[in-house]
Each structure stands twice: as structure tokens, then as C-alpha cells.
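# Topology and contacts: notes
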Amino acid sequence: MSKFLIVGLGNIGSEYANTRHNIGFDVVNAFVKKHGGDFRVDKQAYVAEVKFKGKPVICICPTTYMNLSGKAFKYWMDKEKVALENTLTILDDVALPLNKIRLRSGGSPGGHNGLKSIQEMTSTDAYPKLRFGVGNNYPKGMQADFVLGKWLKAEEPQVLRKIAVCVDIIESFIATGIDRTMSAFNNLSIE
């Protein structure tokens, strides 16, 4: 039976809660909550195990901080014997506007340190990624402050709608595979 690993990228600590850079944590938390799971503290990550459509789904939020996310990714992928193509990594992306998400079966890290770490640990960039657009509404040189900043009040309803769509994407990825899921969701504009 196929097993899946869902990885939400972010940073631990209350100062990072509800920031753009932690949207991966928020999406995975929403998926786990919807499916009645609970996180536990485990090696290099908060870990929850749920079933969806009868398939075991391991969900992790690495506790290694963003720049070392690959250590937790590789550890749990190997420990649970999950095929690389059955992993899905959720992250923030400043190259996409706030109303967009992008699911891909591979692709470069694009400057994202969490993805760089995963690529270093797996020696490939050919693994599924769900990029959550956060926009790029910041002055030159202020990207770190922007992604580590909290959502604006006006953005919060849209962010909550996008989180719900991302949960649907995770479910579709598990149930129907990446190709059908990309076709169904990549052209959505979530206002």
C-alpha cells in the first residue's frame, strides 16, 4: 500500500507563528486537524499520522528551522519508507502572487532555503512541491522581513481560503496523483 509524506516548511517558535514563511506549517496543521490527527514531538519534527482514502499519511513540520528542513525530510522519508514521488512539500513563494498556488512534480529551489536543504539531502530537485504564493509587496532588500512578517489583516480571509484549497490539493494528490491534481488546481485564482 502506498504511503505518503506531507511536509510543511516553517520555523518553530511563537515569534514565527502566523508568518508568511510558516504557511507550510499552517497548511499541514489544517490537513491534520481535518482528518482527526494530533501532532507529537518526535525526531527532528512535529509528526502526525492520519489515514486518507485508506492510505497512511505521515505529516511533518520540521523542528530543525527552515535552513535544515532537508534533515527532517530525509529522516522521515527513509524511516517510513516513502517513495520520493509520494512526498509533498508545502512552502511559501514570493515569486507567486497571493491569489495563486502552484503544484509541480519537480523544480529548482528558487532561492528558498528549505528547498535547498531538501535538495542537498536528497541530491535531486525532482520531488513534488506545493508553492503557496505570498506575493512580493516589499521594498528592495526587505524580503526576509516580509516573509518573516505576519499576514496583514486584510489578507487573512484570503489566506484562510487558500489554506482550505491546499488541504483539497493534498487530498487530491493522495487520491488521484500529481498530474490530475495539477490540472485541477494550478490555474485557480483564489481571491
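Preceding this section is the structure that the text describes.
As the structure is a prediction and not an experimental result, all values here were calculated from the model.

Parameters at a glance
- Residues numbered from 1 in each chain as written.
- Predicted model: local features only at pLDDT ≥ 70, side-chain atom pairs only at ≥ 80, totals over all residues.
- Heavy atoms only, no water.
- Helix = DSSP H or I, 4+ residues; strand = E, 2+ residues; numbered from the N terminus.
- Expected span 1.5 Å × (residues − 1).
- Buried < 20%, exposed > 50% of the residue type's maximum accessible area, 1.4 Å probe, protein only.
- Contact = heavy atoms within 4.5 Å.
- Polar contact = N/O pair within 3.5 Å; in protein donor to acceptor, adjacent residues only side chain to side chain.
- Axes fitted to C-alpha atoms, helices over the stretch in contact; angles between N-to-C directions.
- Parallel < 35°, antiparallel > 145°, perpendicular 65-115°, else oblique.
- Left-handed = near helix turned anticlockwise from the far one by under 90°.
- Nonpolar A, V, L, I, M, F, W, Y, C, P; charged D, E, K, R; others polar.
- Pairing = 2+ DSSP bridges.

## Overview of helix H1 (residues 23–34)
With twelve residues, H1 should reach 16 Å at 1.5 Å per residue; the first-to-last C-alpha distance of 16 Å fits that figure. For H1, the full list of buried residues reads Ile-23, Gly-24, Phe-25, Asp-26, Val-27, Val-28, Phe-31 and Val-32. The inward-facing, buried residues of H1 contact strand S1 (4–8), strand S3 (45–52), strand S4 (55–62), strand S5 (87–93), strand S7 (129–133) and helix H5 (156–176). Positioned one or two residues after H1, Gly-36 has a phi angle of 70°, which is positive.

## Description of the environment of Gln-143
Considering the arrangement of structural elements, one finds Gln-143 in helix H4 (residues 143–147). Owing to a relative accessible area of 37%, Gln-143 belongs among the partly exposed residues under this scheme. With sequence-adjacent residues up to four places away left out, Gln-143 is seen in contact with Val-94 and Tyr-138. Looking at Gln-143, its side chain comes within polar contact range of the side chain of Tyr-138, at 3.3 Å.

## As for the packing of helix H2 (residues 69–79) against helix H3 (residues 113–122)
The N-to-C vectors of H2 and H3 enclose an angle of 45°; their axes lie 7 Å apart at closest approach. In terms of axis orientation, H2 runs oblique to H3. The two elements H2 and H3 cross, and the hand of that crossing is right-handed. Two secondary-structure elements touch here, H2 through Ser-69, Gly-70, Lys-71, Phe-73 and Lys-74 and H3 through Gly-114, Ser-117, Ile-118, Met-121 and Thr-122. Class assignment for the residues of the contact of H2 with H3 results in three nonpolar, five polar and two charged.

## Focus: the pairing of S3
When strand S2 (residues 40–42) meets S3, the two strands line up antiparallel, connected through three bridges. Among the inter-strand pairings, Val-41 is bridged to a residue of S3, identified as Tyr-46. Where S2 folds back on S3, the antiparallel hairpin that results is connected by two residues, among which Gln-44 adopts a positive phi of roughly 65°. For S3 and S4, the ladder comprises eight bridges, and the chain directions are antiparallel.

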